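Chain by chain, the residues:
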Amino acid sequence: MNLSHTLQKARAYESHSLAAIPETQRPVYHLTPAVGWMNDPNGFSWYQGKYHLFYQYYPYDLRWGPMHWGHAVSTDLLHWEHLPCAMAPDTSYDGAGCFSGSAITMPDGRHMLMYTGVARKEQPDGSWKEFQTQCLAFGDGENYEKYAGNPVLDARHLPEGGSPADFRDPKIWQEEDGSYRCVAANRPADGGGSVLLFRSEDGIHWDFETTLDQSRNQLGGMWECPDFFLLDGKALILTSPMNMCATKDTDFHNGNGNIYLTGSFDAVKGQFIRESVAVIDHGLEFYAPQTLLAPDGRRIMTAWMQSWDSCTTPVRPAGAPPWLGQMVTPRELSIKDGKLIQTPVRELANAHTGRVAHSVALSGEAQLPGVEGRILDMTVSVKPGTNGYDTFSIFLAADGQYETVIRYHRASSTLSLDRTYSGFCRDVPHQRQCAVRDAEGQLTLRILLDRYSLEIFVNGGEQTLTNVLYTPETAEGIRFACDGQVQLDVEKYTLAR
Ligand code: FRU
């Protein structure tokens, strides 16, 4: 296989830099780029006995640049091994970037990547225009060769009014009858976002089927990184809308958001009928989720643990590690009462060590023996004590200088997060809140901490809040507080390094 100069250069650069980043400057169970910048998860798939996770990648700097595909493999979805950069922007059709996409195993055993090629072309008037097309690459799990017939989907496949400049992020899957489908994001004539469905007999030659759904300029602008699958009797679209506006009666926040649409899908008519729209993750950093169907039938989702708005300004404090961008802890998805439930992959239990458990009546503030640390999986349950309570708080990643606060407000049944004192040195958002089920003062929070992150799973995964932290690892205190009385149960595991 002939490796282009651009790919060889990226591989040489990253192998040299990989060795220079100590393991102590990386999370323990979250994927980070080999070096430099990472955004969306790509090509999340199971291939030849391993999970493969590719990512949008610019090795040479801590900011977005001409997109490559970084690559890592894992057997447990938590501990990742970096493989050489899989693709570089090195052809006429993807020279401005190999944008997001997905992966699948072909019947002949090859791993096929389907991605967006971005090309900039000079126009007769001297201006430059971008074109996005869908392309393929075939490989053995380490080296990939771009398909000679690329692109396989371009402007000719778009419905009327669809923009060839905003046509990206193909997510491919195979149907039971052996045929293939993919969804891709497009900007329709109204300037919003849409999810297009395509069909192929062989995974290579594609036809447009239908527009599954669109924003109609109500749910943000361009919808990025769509995913589409059936789960527990519902059809689900996941997508990440750009330029959302917060509204008073929703949990949406401004900027790049993340939503899931539930509905039904009529495969004969190719029609998705939308029933509901909701936020996937309520935290400060969660974008561009992608799922895979594991061999054991689980629908597992990962996502970029970052927000576009907070990386336009250098938010990292001095001494932060030489990479930017992480993936969230992969989550098992299910549907309960029409709503998405997310739980950390069960593999996490294999990394549990050092169990500490307490069951105490709490009034005021308390620290519990052995409940501290920064790399952990902790479940906290509260129910009202004899005198009841209005607010219950957990302070973590805390010492005299730092703390991050999770607080439950009983009257409004909202959970808030405040990481103002977590080590950031820029004025990006540091607070979020979301409505949670009002269960008469009972609440369960599962909290995952790693060196640079905090993920919260509320009431068995009914809501999640995913956040980056830049708190020094020495700030490892945890305190609990309430303004009345609660019965508090805590079970904490350290996660093996
Ligand atoms: C989403 C996104 C995708 C695109 C990629 C480029 O974060 O904008 O739509 O393919 O990032 O890096």
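Here the structure is shown first, and the text comes after it.
Residues numbered from 1 in each chain as written. Predicted model: local features only at pLDDT ≥ 70, side-chain atom pairs only at ≥ 80, totals over all residues. Heavy atoms only, no water.

### Quick word on the packing of aromatic side chains
Reasoning step 1: In the structure shown here, the tally under the stated rule is 19 aromatic pairs.
Reasoning step 2: Ring centres of tyrosine 13 and tyrosine 60 lie 4.9 Å apart, and the angle between their planes is 55 degrees; this geometry places the pair in the tilted category. In this pair, tyrosine 13 sits in helix H1 (residues 5-20) while tyrosine 60 sits in the loop between strand E2 (50-58) and strand E3 (68-74), placing the two residues 47 residues apart along the sequence.
Reasoning step 3: Arranged with centres 5.1 Å apart and planes meeting at 70 degrees, the rings of tyrosine 55 and tyrosine 57 form a pair that is edge-to-face.
Reasoning step 4: On the basis of relative accessible area, tyrosine 55 is assigned to the buried category, the value being 0%.
Reasoning step 5: Among the aromatic side chains, those forming a connected cluster through ring pairs are Phe54, Trp69, Tyr115 and Tyr144.
Reasoning step 6: A cation over an aromatic ring shows up here: arginine 410 above the ring of tyrosine 389, its NZ or CZ 5.5 Å from the ring centre.
Reasoning step 7: Positioned above the aromatic ring of phenylalanine 424 is the side chain of arginine 419, whose terminal nitrogen or guanidinium carbon lies 4.1 Å from the ring centre. (Phe/Tyr/Trp six-rings, centres within 6.5 Å; stacked < 30°, edge-to-face > 60°. Helix = DSSP H or I, 4+ residues; strand = E, 2+ residues; numbered from the N terminus. Buried < 20%, exposed > 50% of the residue type's maximum accessible area, 1.4 Å probe, protein only. Lys NZ or Arg CZ within 6 Å of the ring centre and 35° of its normal.)

### So, the layout of surface pockets
Where empty space is left can be seen by rolling a probe of water-molecule size over the atoms.
Reasoning step 1: Put simply, the largest pocket is a space of about 890 Å³.
Reasoning step 2: In terms of lining, the largest pocket is formed by 29 residues, of which the most central are Trp173, Gln174, Glu175, Leu293 and Arg299.
Reasoning step 3: For the lining of the largest pocket, the elements supplying multiple residues, two or more each, are strand E1 (36-47), strand E5 (97-105), strand E9 (167-174), strand E11 (194-200), strand E13 (223-231) and strand E17 (287-293).
Reasoning step 4: The residue makeup of the lining of the largest pocket, split by class, is 16 nonpolar, four polar and nine charged.
Reasoning step 5: Tyr260, Ala278, Lys339, Glu462 and Gln463 are, among the 21 residues lining the second largest pocket, the residues nearest its centre.
Reasoning step 6: Those elements that place two or more of their residues in the lining of the second largest pocket are strand E16 (271-279) and strand E21 (339-344).
Reasoning step 7: Of the residues forming the lining of the second largest pocket, the biggest block, four residues, is contributed by E21.
Reasoning step 8: For the lining of the second largest pocket, the residue count by class is ten nonpolar, four polar and seven charged. (1 Å grid on protein atoms, 1.4 Å probe; cavity = no way out; pocket = protein on both sides within 12 Å on 5 of 7 lines; lining within 4 Å. Points joined across faces, edges and corners; volume = space filled by probe spheres on them. Nonpolar A, V, L, I, M, F, W, Y, C, P; charged D, E, K, R; others polar.)

### Remarks on the site of the ligand
Reasoning step 1: Taken together, 13 residues sit near the ligand, with Asp40, Gln56, Arg168, Asp169 and Glu224 positioned nearest.
Reasoning step 2: Looking at the shell around the ligand, the elements that each hand over two or more residues are E1, E5, E9 and E13. (Near = heavy atom within 4 Å.)

### Some remarks on the pairing of strand E24 (residues 391-398)
Remark: a regular strand shows side chains that alternate across the two faces of the sheet.
Reasoning step 1: When you tally the buried positions in E24, you get seven out of eight residues, the bulk of the element.
Reasoning step 2: When E24 meets strand E25 (residues 403-409), the two strands line up antiparallel, connected through six bridges. Of the residues in E25, the one forming a bridge with phenylalanine 395 is valine 405.
Reasoning step 3: Two successive antiparallel strands, E24 and E25, enclose a turn made up of four residues.
Reasoning step 4: Where E24 meets strand E31 (residues 477-495), five bridges bridge the pair, whose relative direction is antiparallel. Bridge assignment links isoleucine 394 to a residue of E31, and that residue is phenylalanine 480. (Pairing = 2+ DSSP bridges.)

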